[in-house]
There are 2 protein chains.
Amino acid sequence: MPVTARGSGSGLSGGARPRKDGLLISFERMNQVLEVDTTNQVAVVQPGVTLTELDHATLDAGLSYMVHPGELSSSVGGNVGTNAGGMRAVKYGVARHNVLGLQAVLPTGEIIRTGGKIAKVSTGYDLTQLIVGSEGTLALATEVIVKLHPRLAHSATVLAPFADFDQVMAAVPKVLAAGLVPYILEYIDNMTMAALIHTQNLELGIPDRIRDSCQAYLVVALENRTASRLEEDVDTTGELLAELGAVDAYVLEGGSARRLIEAREKAFWTLKAIGADDLIDTVVPRAAMPKFIAAARGLASAAGGAAAGCGHAGDGNVHLAIICKDPDKRKQLMTDIFALAMELGGAISGEHGLGRAKTPYFVELEDPAKVALMRRIKQSFDPAGILNPDVVFVAPD
Amino acid sequence: MPVTARGSGSGLSGGARPRKDGLLISFERMNQVLEVDTTNQVAVVQPGVTLTELDHATLDAGLSYMVHPGELSSSVGGNVGTNAGGMRAVKYGVARHNVLGLQAVLPTGEIIRTGGKIAKVSTGYDLTQLIVGSEGTLALATEVIVKLHPRLAHSATVLAPFADFDQVMAAVPKVLAAGLVPYILEYIDNMTMAALIHTQNLELGIPDRIRDSCQAYLVVALENRTASRLEEDVDTTGELLAELGAVDAYVLEGGSARRLIEAREKAFWTLKAIGADDLIDTVVPRAAMPKFIAAARGLASAAGGAAAGCGHAGDGNVHLAIICKDPDKRKQLMTDIFALAMELGGAISGEHGLGRAKTPYFVELEDPAKVALMRRIKQSFDPAGILNPDVVFVAPD
C-alpha cells in the first residue's frame with residue numbers, strides 16, 4: 001500500500017498529498033522537542049515539531065534553528081523532506097546544512113540512526129544527506145538532530161529601490177564579496193512590492209515618485225553581536241548600495257522590518273490572491289538571474305500570460321508567480337521556463353521540492369541517466385515502491 | 001577489473017591504494033583550474049588540482065576554497081573522495097559543505113552532472129552529497145565545482161595553556177557560543193605540544209614553568225575584514241579564556257602563528273616519527289570529548305600502549321596517535337576505541353575516511369542494517385563492484 005508522510009502539510013509542491021489508494025501518516029502529534037543541548041549546540045526533535053515550537057524551545061538558551069521557510073507552522077520533518085530553505089539560507093544554509101542526524105524507518109522495516117550530534121563524518125555513505133530532500137520517498141524520519149546557532153542581539157534591515165532591475169542583480173555578488181555577511185538578501189520586483197504594499201498595508205516610507213520609477217528592490221538584513229558593529233555595517237551597506245546605483249536606502253526599524261519580512265514571506269499568497277495560477281521556485285547560478293528572469297518574462301508574455309516575483313537573490317533562487325489561465329499553455333510555459341533554468345545550470349526547485357506538482361516536469365527534462373540512477377537508489381531503499389510513489393518518479397496508477 | 005582512483009595520494013586511510021589485481025587511475029595530470037567565477041563565487045576545477053594550485057588561482061580574486069586538510073598537496077578530487085576536513089571546518093565546514101557540483105563518470109559508463117554553481121537545490125536526490133565522501137566507490141569525479149569565500153584581510157592566533165585538560169574541553173562550547181566565529185579552534189595535548197616544539201623548533205615564548213604544569217593548549221584563530229574588530233575580538237577572546245581558566249594567553253604574530261599552525265598540521269608525522277603505530281581521527285559530540293579522550297587513554301594504557309594527540313576541538317574530531325607495538329593488541333585496542341566513540345554517538349572517522357585501513361573496523365562495528373543499505377546503494381551505482389572494492393565494504397580476494 002502506498003504510504004505518504006505529512007508534517008504540517010504546508011508544502012507548496014504537493015509532496016505530502018497521498019494517493020487515493022494510499023495511506024497518509026501524519027506526524028502532527030509526534031511533536032516533542034526531546035532535547036536542547038547547549039554544549040553541542042543541537043536540538044533533538046520529533047518530526048512533527050513546528051518551527052514556531054522549536055523557536056520557543058531554544059529561546060532561553062540563546063540559540064536558534066536558522067532554517068526559516070516562509071511558513072513557520074511548517075514542521076522539522078517537512079523541512080527534512082523538502083530540504084527547506086527560506087530567506088536566511090544565504091548565511092545559514094538550507095535544511096541540508098542544518099540537519100546533522102536522523103532516526104529513520106526504512107520501508108523494509110528497519111530503524112536506523114544516521115549522523116549524530118556531530119558536524120562532520122567520513123564513515124561510509126552519508127545517509128542523512130540522501131534522506132534530506134528525498135520527499136518521503138526513501139525513509140520516514142522519526143527523530144531529527146538539528147544544528148543550532150547563537151542568536152545575535154542586534155539586527156537591522158536595509159531596503160534599497162533601484163531604477164533598473166539588472167542593477168539589483170549586479171549588486172548581489174558585490175554585497176556578498178564585501179564580507180558583510182547579510183542573513184537575508186532578497187530582491188522584490190515592483191509588481192510584487194505593489195501587491196505587498198496594497199494587500200498587507202505595509203508602510204515603508206517610500207515616496208510615490210520613487211516607487212513609480214523603480215523596477216525592483218533589494219532587501220539586506222544584517223545582524224551582529226554588538227550594536228556599534230551593526231550600525232557601522234548598516235552605514236557601509238548604505239554607501240555600497242548607493243555606489244551600486246540604489247536610488248535610496250531605507251533603514252527599517254524593528255516593527256516595520258518585521259512587517260516587510262513577513263509580507264515577503266507571504267508574497268506567494270498575495271500573488272495568488274491577485275490571480276497567480278502557479279508558483280515556481282527555480283534556482284539558477286546567481287550570475288544568471290537577470291538573464292533567466294528576463295527570458296522567463298518573455299516566455300510568459302509570449303504565452304499571453306505574465307511572470308512576476310521575488311526571490312532569494314543571494315542564492316539564485318527565483319520565486320515566480322505564473323499567470324497563465326489556459327492549462328495547456330501554462331504547462332508548456334512552465335516546461336519552457338524549467339528547461340531554460342536547466343540550460344543556465346540551474347534546477348527546477350531550489351527549496352520547495354518536486355512533489356506531485358513538479359515531478360512530471362522533472363521526469364521529462366532531467367538527464368535520463370540520472371533519473372535511472374535515482375530510481376535504482378530508490379529501489380535500494382524501497383524495493384516494493386511503497387513510499388510516496390508519485391514523487392520524484394511517476395508511478396503507474 | 002577493480003579500479004581505484006587517486007589524486008595526490010596523500011590520504012591517511014589507504015583509500016587510494018589499488019588492489020594487486022586492479023587498475024589505478026591517477027588524476028595527477030588532470031589538473032586544470034577551469035574557471036574562477038567571481039560573480040557566483042565558485043571555482044570549476046579538474047580533480048587533480050592541488051589545494052596549493054587552487055589557492056594561487058583564486059588569490060587575485062580575493063577568494064579562497066576554505067577546506068584545508070593538513071596536506072596542501074592534496075587534490076580537490078581527493079577532498080571529494082574522503083570528504084576532507086581540516087582546521088578551518090569549524091567556520092567553513094568540510095568538503096561536503098564546499099562542493100556544489102560534480103561531473104562524474106559512473107562505473108556503468110555514463111557521464112553525469114550533479115548540482116551546479118548553485119548553493120541549494122531540492123530536485124530529486126542529492127547525488128553530489130552521496131558521491132562526496134564515498135571514497136571512489138560509487139563514481140569518479142572528473143570535474144568539481146567548489147564554493148569560494150572572501151579572504152578576510154586580518155587574522156590573529158591566540159594560544160592558551162590550561163593546567164587541566166577538562167578545562168580546555170569545557171572552554172570550547174563557550175568560545176563558540178560567544179559568537180566570536182573562530183576559523184580555527186584546536187586543542188593540543190602536552191605530549192603532542194612537546195613533540196612539536198622539539199622536532200620542529202617552534203619558538204612560542206611559553207615559559208618552561210607554564211609548559212611543565214599544563215595538560216593541554218587551546219588554539220583560537222580569529223579573522224576579520226577590519227583590523228580594529230580583530231583587535232577587539234582578540235581582547236575579548238583573551239578575557240574569556242582567562243575566565244575559563246587559561247593560565248595565560250599568547251597572541252601569536254604572523255610568522256609564529258603560521259609556524260604553529262603548520263606544525264599542528266604535521267602533528268601526525270611528528271608523532272609517527274617519535275613512535276606512533278597508527279592514527280585515528282574519530283569524531284564524537286563535542287561535549288563527549290573529555291570522556292572519550294580519558295577513556296581512550298585508559299584503554300591504551302591497559303593495552304600496554306599510549307594515546308596522545310590533538311584535534312579539531314570545535315568539531316569533536318579527535319586525532320589520536322596510537323602507540324601499541326603488538327599488532328593483535330593494537331587491533332583490539334583500536335576496535336575498542338572505535339566502539340567507545342560510537343557508543344558516545346560518534347563515528348570512526350571525522351575526515352580521513354575509512355580507506356582500506358579502517359574499513360574492517362567499520363564493517364565489524366556498524367549497524368548491519370546500515371551496512372546492508374549502503375551495499376545496496378553501492379550496487380545501484382556499481383552493479384559489477386569494480387570501484388575500490390575494499391573500501392567501505394570488504395570484498396573477497
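Every chain is numbered on its own, with residues counted from 1 as its sequence reads. Each chain gets a letter, beginning with A, and each ligand a number, beginning with 1, in the order they are written. Totals for whole chains, interfaces and linings use all residues, but because this is a predicted model, local features are given only for residues with pLDDT of at least 70 and pairs of side-chain atoms are given and counted only at 80 or more. With hydrogens and water stripped out, all remaining heavy atoms of the structure feed into the side-chain values.

- Looking at an unreviewed UniProt entry, one finds chain A named FAD-binding protein, with Mycobacterium szulgai as its source organism.
- UniProt positions are given in the numbering used here, feature names are shortened, and annotations may be inferred rather than shown by experiment. The UniProt entry for chain A carries the following comment under Cofactor (unreviewed entry): "FAD".

Looking at the domain arrangement of chain A
All names here are of chain A.
Turning to step 1, where the next piece is worked out: One can read the domain layout of chain A as domain 1 (3-150), domain 2 (154-267) and domain 3 (275-354).
Turning to step 2, where the next piece is worked out: Once you take the C-alpha centre of each, domain 1 and domain 3 turn out to be 27 Å apart.
Turning to step 3, where the next piece is worked out: The term buried area denotes the loss of accessible surface (1.4 Å probe radius) that occurs when two parts are joined, taken as the sum for both partners. Approximately 760 Å² of surface area, both sides summed, lies buried where domain 1 meets domain 3, with 47% of it carried by carbon and sulfur atoms.
Turning to step 4, where the next piece is worked out: If you sort the residues of domain 1 by the area they bury against domain 3, Leu12, Ser13 and Glu135 come out on top, with a joint share of 46%.
Turning to step 5, where the next piece is worked out: Any Lys or Arg side-chain nitrogen found within 4 Å of a carboxyl oxygen on Asp or Glu counts as a salt bridge. Summed over the shared surface of domain 1 and domain 3, the result is zero salt bridges.
Turning to step 6, where the next piece is worked out: Counted as a polar contact is a pair of N or O atoms within 3.5 Å, where, for protein atoms, one must be capable of donating a hydrogen and the other of accepting one, and residues adjacent in sequence contribute only when both atoms are in side chains. The interface formed by domain 1 and domain 3 holds three residue pairs in polar contact (both at pLDDT 80 or more) in total.
Turning to step 7, where the next piece is worked out: As a working rule, the residues Ala, Val, Leu, Ile, Met, Phe, Trp, Tyr, Cys and Pro are called nonpolar, Asp, Glu, Lys and Arg charged, and the rest polar, with Gly in that last group. Here the side of domain 1 that touches domain 3 is built from residues that sort into five nonpolar, five polar and one charged. Domain start and end points were adopted from an automatic or database domain assignment.

A closer look at the pattern of salt bridges
Turning to step 1, where the next piece is worked out: For the structure on display, the rule yields 42 salt bridges over all chains.
Turning to step 2, where the next piece is worked out: Between arginine 19 of chain A and aspartate 390 of chain A there is a salt bridge, with the nearest N and O atoms lying 3.0 Å from each other. Remark: aspartate 390 of chain A occurs in the segment after α15 (368-381) and arginine 19 of chain A occurs in the loop between β1 (3-6) and β2 (23-26); sequence separation between them is 371 residues.
Turning to step 3, where the next piece is worked out: Relative accessibility thresholds used throughout: buried, under 20% of the residue-type maximum; exposed, over 50%; partly exposed, between the two (1.4 Å probe, protein chains only). Residue arginine 19 of chain A is classed as buried on the basis of its relative accessible area of 12%.
Turning to step 4, where the next piece is worked out: Judged by relative accessible area, aspartate 390 of chain A falls into the buried class, the value being 14%.
Turning to step 5, where the next piece is worked out: In this structure, the salt-bridge partner of lysine 91 of chain B is glutamate 223 of chain B, at a minimum N-O distance of 2.8 Å. In this pair, lysine 91 of chain B sits in helix α3 (residues 89-92) while glutamate 223 of chain B sits in strand β12 (residues 216-224), placing the two residues 132 residues apart along the sequence.
Turning to step 6, where the next piece is worked out: Through salt bridges that share partners, Arg19, Asp21, Arg356 and Asp390 of chain A make up one connected network. Where helices and strands are cited, they refer to DSSP runs of H or I of at least four residues and of E of at least two residues respectively, numbered from the N terminus.

A few points about the sheet that holds strand β7 (residues 111-115) of chain A
Residues and elements named next belong to chain A.
Turning to step 1, where the next piece is worked out: The pairing criterion for strands is at least two bridges between them, as found by DSSP. Strands sit in the order β3-β4-β8-β6-β7 across an open sheet of five strands; the sheet is antiparallel. Two strands in the sheet have a free side with no partner beyond their single neighbour: β3 (33-37) and β7. Within the sheet, the average angular offset between the axes of one strand and its neighbour, ignoring direction, is 10°.
Turning to step 2, where the next piece is worked out: By the bridge criterion, five bridges tie strand β6 (residues 99-105) to β7 in an arrangement that is antiparallel. Its bridge partner lying in β7, glycine 101 is registered against glycine 115.
Turning to step 3, where the next piece is worked out: Against the sheet, helix α1 (residues 51-59) touches β3, β4 (42-45) and β8 (140-147), its axis set at about 40° to β3. Note on geometry: axes are C-alpha line fits, over the in-contact stretch for helices, and angles between N-to-C directions span 0 to 180 degrees. Any two residues whose heavy atoms approach within 4.5 Å at even a single point are treated as in contact.

Here we look at the interface of chain B and chain A
Turning to step 1, where the next piece is worked out: Of the residues lining the interface, 78 residues belong to chain B; the matching set on chain A comes to 79 residues.
Turning to step 2, where the next piece is worked out: Summed over both partners, the interface of chain B with chain A buries about 6100 Å², with 58% contributed by carbon and sulfur atoms.
Turning to step 3, where the next piece is worked out: Among the residues of chain B in contact with chain A, Lys120, Ser122 and Tyr125 of chain B are the three that bury the most area, contributing 15% of the side total.
Turning to step 4, where the next piece is worked out: Across the contact surface, chain B and chain A share 12 salt bridges.
Turning to step 5, where the next piece is worked out: Broken down by element, the residue count for the side of chain B that touches chain A peaks at nine residues, all from helix α15 (residues 368-381) of chain B.
Turning to step 6, where the next piece is worked out: Residues belonging to the side of chain B that touches chain A are distributed by class as follows: 33 nonpolar, 27 polar and 18 charged.

What to know about the packing of aromatic side chains
Turning to step 1, where the next piece is worked out: Each pair of aromatic rings taken from Phe, Tyr and Trp, with Trp reduced to its six-membered ring, is defined by centres within 6.5 Å and is described as stacked if the planes are under 30 degrees apart, edge-to-face if over 60, and tilted in the remaining cases. This model, assessed by the stated rule, comprises eight aromatic pairs over all chains.
Turning to step 2, where the next piece is worked out: Look at phenylalanine 268 of chain B and tryptophan 269 of chain B: their rings are 4.8 Å apart centre to centre, the planes differ by 55°, and that puts the pair in the tilted class.
Turning to step 3, where the next piece is worked out: Ring geometry for phenylalanine 338 of chain B against tyrosine 361 of chain B: centres 5.1 Å apart, planes inclined by 70°, an arrangement best described as edge-to-face. Of this pair, phenylalanine 338 of chain B sits in helix α13 (residues 327-343) while tyrosine 361 of chain B sits in helix α14 (residues 355-365); the two residues are 23 residues apart in sequence, bridging distant segments of the chain. Taken as a pair, phenylalanine 338 of chain B and tyrosine 361 of chain B share a single burial class, namely buried.
Turning to step 4, where the next piece is worked out: For a Lys NZ or an Arg CZ to count as sitting over a ring, it must be within 6 Å of the ring centre and within 35 degrees of the ring normal. The ring centre of phenylalanine 165 of chain A lies 5.0 Å from the NZ or CZ of arginine 297 of chain A, which sits over that ring.

Structural notes on helix α1 (residues 51-59) of chain B
Residue and element names in this part refer to chain B.
Turning to step 1, where the next piece is worked out: If you check which residues of α1 are buried, you get Leu51, Leu54 and Thr58. Along the long axis of α1, the arc covered by the buried residues comes to 60°, so they all point the same way.
Turning to step 2, where the next piece is worked out: On its buried face, α1 sits against β3 (33-37), β4 (42-45), β5 (63-64), α2 (76-82) and β8 (140-147). This arc corresponds to the set of directions leading from the helix axis out to the C-beta atoms.

Concerning the sheet that holds strand β6 (residues 99-105) of chain B
Two orientations exist for strands paired in a sheet by backbone hydrogen bonds: parallel and antiparallel.
All names here are of chain B.
Turning to step 1, where the next piece is worked out: If you trace the five strands from one edge of the open sheet to the other, you get β3-β4-β8-β6-β7, paired in antiparallel fashion. Of all strands in the sheet, those with a lone pairing partner are β3 and β7 (111-115), marking the two edges. Taken over all neighbouring pairs, the strand axes of this sheet differ in orientation by 10° on average, direction set aside.
Turning to step 2, where the next piece is worked out: The pairing of β3 with β4 spans four bridges and is classified as antiparallel. In the sheet register, glutamate 35 faces β4, and the bridge partner there is valine 44.

Details of the side chain of threonine 270 of chain A
Turning to step 1, where the next piece is worked out: Relative to the elements of secondary structure, threonine 270 of chain A occurs in helix α11 (residues 267-273).
Turning to step 2, where the next piece is worked out: The residues contacting threonine 270 of chain A, other than those within four sequence positions of it, are Ala195, Leu196, Thr199 and Gln200 of chain A.

With respect to the nonpolar core
Turning to step 1, where the next piece is worked out: As used in this record, nonpolar core signifies buried Ala, Val, Leu, Ile, Met, Phe, Trp, Tyr and Cys residues forming a set joined through side-chain atoms within 4.5 Å. If you look at the biggest cluster of nonpolar residues, it comprises 172 residues, and the most contacted ones within it are Phe292 and Phe381 of chain A together with Phe292 and Phe381 of chain B.
Turning to step 2, where the next piece is worked out: With residues near it in sequence (within four places) discarded, phenylalanine 381 of chain B still touches Leu373 and Ile377 of chain A together with Leu106, Pro107, Thr108, Leu127, Leu130, Ile131 and Leu138 of chain B.

Digging into the packing of helix α6 (residues 165-177) of chain A against helix α12 (residues 289-302) of chain A
All names here are of chain A.
Turning to step 1, where the next piece is worked out: Across the interface, α6 lies against α12 with an axial gap of 9 Å and an inter-helix angle of 150°. The angle between the axes of α6 and α12 places the two elements in the roughly antiparallel class. Residues Phe165, Asp166 and Met169 of α6 form the contact with α12, whose participating residues are Met289, Pro290, Ile293 and Arg297.
Turning to step 2, where the next piece is worked out: Residues of the contact of α6 with α12, tallied by class, amount to five nonpolar, no polar and two charged. Each angle receives one of four descriptions, namely roughly parallel if under 35 degrees, roughly antiparallel if over 145, roughly perpendicular if within 65 to 115, and oblique otherwise.

A closer look at the UniProt feature "domain: FAD-binding PCMH-type" (unreviewed entry) in chain A
Turning to step 1, where the next piece is worked out: Those residues carrying the UniProt feature "domain: FAD-binding PCMH-type" (unreviewed entry) are residues 1-151 of chain A in this numbering.
Turning to step 2, where the next piece is worked out: End C-alpha atoms of residues 1-151 of chain A are separated by 44 Å, and the span's content is 19% helix alongside 27% strand.

Some words on the relation of the copies chain B and chain A
Relating the two copies of this chain is a rotation about some axis coupled with a shift parallel to it.
Turning to step 1, where the next piece is worked out: The two copies are related by a screw operation: chain B maps onto chain A through 180° of rotation and 0.0 Å of translation along the axis, at an RMSD of 0.0 Å. Such a turn and shift between the copies fits a two-fold axis. Looking at the rotation axis and the C-alpha trace of chain B, the residue lying nearest is isoleucine 377 of chain B, at 2.9 Å.
Turning to step 2, where the next piece is worked out: Most of the interface of chain B is mirrored in chain A, where 100% of its interface residues again form contacts. Alignment of copies: least-squares fit on C-alpha atoms of residues with pLDDT of at least 70 in both copies.

Side note on the packing of α12 of chain A against helix α13 (residues 327-343) of chain A
Residue and element names in this part refer to chain A.
Turning to step 1, where the next piece is worked out: Axis separation between α12 and α13 bottoms out at 10 Å; the angle between their running directions is 160°. Classified by the angle between their axes, α12 and α13 sit roughly antiparallel to one another. With respect to the hand of their crossing, α12 and α13 are arranged in right-handed fashion. Packed against α12, whose contacting residues are Phe292, Ala295, Ala296, Leu299 and Ala300, the element α13 presents Leu333, Asp336, Ile337, Leu340 and Ala341 at the interface. Should the near helix be turned counterclockwise from the far one by less than a right angle, the crossing is left-handed, whereas a clockwise turn marks it as right-handed.

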